[in-house]
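# Survey of secondary and tertiary structure
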Amino acid sequence: MISEKMYELGTKKSTIRTIFEYGRKRALEVGEENIYDYSLGNPNVPAPDFIKQAIIDILNEMDPCDVHGYTVAPGNPQVREILAKDINRRFGTHFTGKNLFVTGGAAGAITIVFKALAEKDDEFITFAPYFPEYKCFVESVGAQLKVVPAKIDDFQIQFDEFEKMINEHTKAVIINSPNNPSGVVYSEATIKQLAEILTVKSNEYGHPIFLISDEPYREIVYDGATVPYIPNYYANSIVCYSYSKSFSLPGERIGYIVVPDEVADFGRIYGAVAGAARVLTHVNAPSLFQLVIARCAGKPSNIAPYEENRNLLYNGLIEAGFKCVKPQGAFYLFPQSLEPDDYAFCKKAQEYDLLLVPGTDFGCPGHFRASYCIKRETIEKSLPVFKKLAQEYKK
């Protein structure tokens, strides 16, 4: 009568959502101020004032039918040209509007790209720790996701394991930098080595292996870190971007896909992107927010609160005895759990009303994710609680 796979996806909540919902119930019992909820990556920094002003100006200045009406499926042509110029200014590229396809956020972008590329027996490779929804998205288009184990000393790529995994069925490699959940930024050396391997293997197998860069956290970086712009290093790259995190607009669902001219058989790839969007019920990205991002593209993001939270939480956990690779971006910490079973550790943390996400869900057992895009005072109040939890493991 129904698709059992879809029923399973629709009724089995993610671990993150399950923990978040537990926290809402627990808050009713002990008070919101006594729950230390590090589960969700929902920005707590308000959207910048220039977003509000852009919305007001658009609504006051433009014809409502133009503001709220359909656009062409790839996005308003003027908007795409503006976004392309902004990318070119920042990264030295040479895109035009024809290289962009505006989407409903990064999730819409990457799902469209997976659908556009996937054929029978295809495999996609990503690197642990990774965003858990990749598996769902890849399998939904009939392909298989393979995961390279994590290099836990620095969360760069474990290339020896990657080279064992890549084969003639590999259609694409997915990277996410700054990374959810580790906050690590892939170094230029890492990207160059990855590009070199993909070039060699593409030639060996006689077909391009695409590199899909998932970039919702690109602007959220600290300590002068630089995020390499992938098309500048590898021709067969496709970029999936979102304004959800940089402009604190996760609910507005606005982002884009970049398909560079250098991609093998550009016209067919871009056409497949358009076709995939069509069958995935994409009509056009939200028309108002297409206009908003065109007015605001290139404006600075307010990352200072995230950097302050990172420093506060990282230093507090290190002082309490946790081991953690210091994040260079995004708004997550990914420390080692205090026992090998990260699910058991996170269950123990719940007894202290610390809501943490097991690393196994990100393909990296023995760790946990703490999302620090929360109130600073919540972090401050939680640090003595983390110390109490750590002390329990020292008994």
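Residues numbered from 1 in each chain as written. Predicted model: local features only at pLDDT ≥ 70, side-chain atom pairs only at ≥ 80, totals over all residues. Heavy atoms only, no water.

For clarity, the threshold we go by: UniProt positions are given in the numbering used here, feature names are shortened, and annotations may be inferred rather than shown by experiment.
For the chain, the name recorded in an unreviewed UniProt entry is Aminotransferase, with Megamonas hypermegale as its organism. Per its UniProt entry, the chain bears the Sequence similarities (unreviewed entry) comment "Belongs to the class-I pyridoxal-phosphate-dependent aminotransferase family." We quote the UniProt Cofactor (unreviewed entry) comment for the chain here in full: "pyridoxal 5'-phosphate".

## Let's talk about the packing of aromatic side chains
The line we're drawing: When the centres of two rings from Phe, Tyr and Trp lie within 6.5 Å, Trp using its six-membered ring, the rings pair. Their planes under 30 degrees apart give stacked, over 60 give edge-to-face, and anything left gives tilted. Sitting over a ring, as applied to charges here, requires NZ of Lys or CZ of Arg to be within 6 Å of the ring centre and within 35 degrees of the ring normal.
Under the definition given, this model contains 24 aromatic pairs. When the ring of phenylalanine 131 is compared with that of tyrosine 134, the centres are 5.7 Å apart and the planes differ by 85°; the resulting orientation is edge-to-face. Aromatic rings pair up to connect Tyr38, Phe322, Phe345, Phe368, Phe386 and Tyr393 into one cluster. Seen from the ring of phenylalanine 266, lysine 98 lies directly overhead, with NZ or CZ sitting 4.7 Å from the centre.

## Some words on helix α11 (residues 287-296)
Our working definition: Partly exposed describes any residue whose relative accessible area lies between the buried limit of under 20% and the exposed limit of over 50%, with all areas from a 1.4 Å probe on protein chains only and scaled to the type maximum. Here a helix means four or more residues in a row that DSSP labels H or I, a strand means two or more in a row labelled E, and each is numbered from the N terminus. Residue contacts are defined here by distance: any two heavy atoms, one from each residue, within 4.5 Å place the two residues in contact.
In terms of residue burial, α11 counts as a mostly covered element, since nine of its 10 residues are buried. Turning to α11, its buried residues number three or more, namely Ser287, Leu288, Phe289, Gln290, Leu291, Val292, Ile293, Ala294 and Cys296. Among the structural elements, α3 (49-61), α4 (64-68), α5 (77-91) and β2 (100-103) are those in contact with the buried residues of α11. The first or second residue beyond α11 is glycine 298, which carries a positive phi of 90°.

## Quick look at the pairing of strand β5 (residues 170-176)
This is how the line gets drawn: Only strands that DSSP links by at least two bridges are regarded as paired with each other. A right-handed crossover is one whose linking path, passing over the helix from the first strand to the second, runs clockwise when the strands point away from the viewer.
Most of β5 sits inside the fold, with seven of its seven residues counted as buried. Where strand β3 (residues 123-127) meets β5, four bridges bridge the pair, whose relative direction is parallel. In the strand pairing of β5, threonine 126 is matched with isoleucine 174. As judged from the five bridges shared by β5 and strand β6 (residues 210-215), these two strands associate in the parallel manner. Bridge pairing in β6 links asparagine 176 to aspartate 214. Viewed along the sheet, the connection from β5 through helix α9 (residues 188-205) into β6 turns out right-handed.

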